[in-house]
Amino acid sequence: MKVFNGLKKLLMPSYCIHKIKWHFYKRKFGMIGQKCSMGRGFCLSGCSNIKFGDNVLCGDNVKLETWEFYNGSSTGYHPELIIGNNVSITEGVFVSCLNKIFIDDGTLIGTGTFITDNFHGHNSAAELDIPPSQRELWSKGSVIIGRYLLLPDGQWGSWPFCKYGHRDIQPGYSCLY
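Let me sum up the structure you'll find in this document. Every value quoted in this text rests on a predicted model; they were computed, and no experiment measured them. (Residues numbered from 1 in each chain as written. Predicted model: local features only at pLDDT ≥ 70, side-chain atom pairs only at ≥ 80, totals over all residues. Heavy atoms only, no water.)

Focus: the packing of aromatic side chains
With the rule as written, the count across this model stands at eight aromatic pairs. Relative to phenylalanine 42, the ring of tryptophan 22 lies with its centre 5.7 Å away and its plane at 80°, an arrangement referred to as edge-to-face. Taken as a pair, tryptophan 22 in helix H2 (residues 13-26) and phenylalanine 42 in the loop between strand E2 (37-38) and strand E3 (43-45) lie far apart in primary sequence, 20 residues in all. Since its relative accessible area comes to 5%, tryptophan 22 is described here as buried. (Phe/Tyr/Trp six-rings, centres within 6.5 Å; stacked < 30°, edge-to-face > 60°. Helix = DSSP H or I, 4+ residues; strand = E, 2+ residues; numbered from the N terminus. Buried < 20%, exposed > 50% of the residue type's maximum accessible area, 1.4 Å probe, protein only.)

What follows is the structure, encoded as structure tokens:
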């Protein structure tokens, strides 16, 4: 029965397309360790700035972005999105990196979590008449997520610098504000 289910899976067009897409994208990474996988519906941009350690497992609909260019011009940053060994990123996680985001070994990131080190604009009165998508991207600093950390569903970011500790369980709120 197990063999039949495996063959059935391989014959599904969506499964085959997913595997081909992942094989294509992972070749573009700055570095990728062994036994890494990405669930269906993933979205990646700036892959050359993304580094995966060994055994990184990503669920469905994960979005990982790094930003060297935005709205057709250079951001002035050289982003680094570094994910350590044995990290589990569950379904619907979105990571947006302009400067540096480091997720250390053994971390588990909860469903629908948003992690960022950047903002659209400087939150000034002068920018209120500018649509957020047209404002300059900028970062206040790095986001460092320590070893063996459990990040439940929530938003995580830098204000001005966030470092989540070793073996902590963080509550579902942001350190952005």
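Let us keep going from here.
Concerning the sheet that holds strand E13 (residues 108-109)
A sheet is described by the order of its strands in space; here five strands give the open sequence E2-E5-E10-E13-E18, paired in parallel fashion. Of all the strands in the sheet, the pair left with one neighbour each is E2 and strand E18 (150-151). Here two bridges tie E2 to strand E5 (residues 57-58), and the two strands are oriented parallel to one another. Its bridge partner lying in E5, methionine 38 is registered against cysteine 58. (Pairing = 2+ DSSP bridges.)

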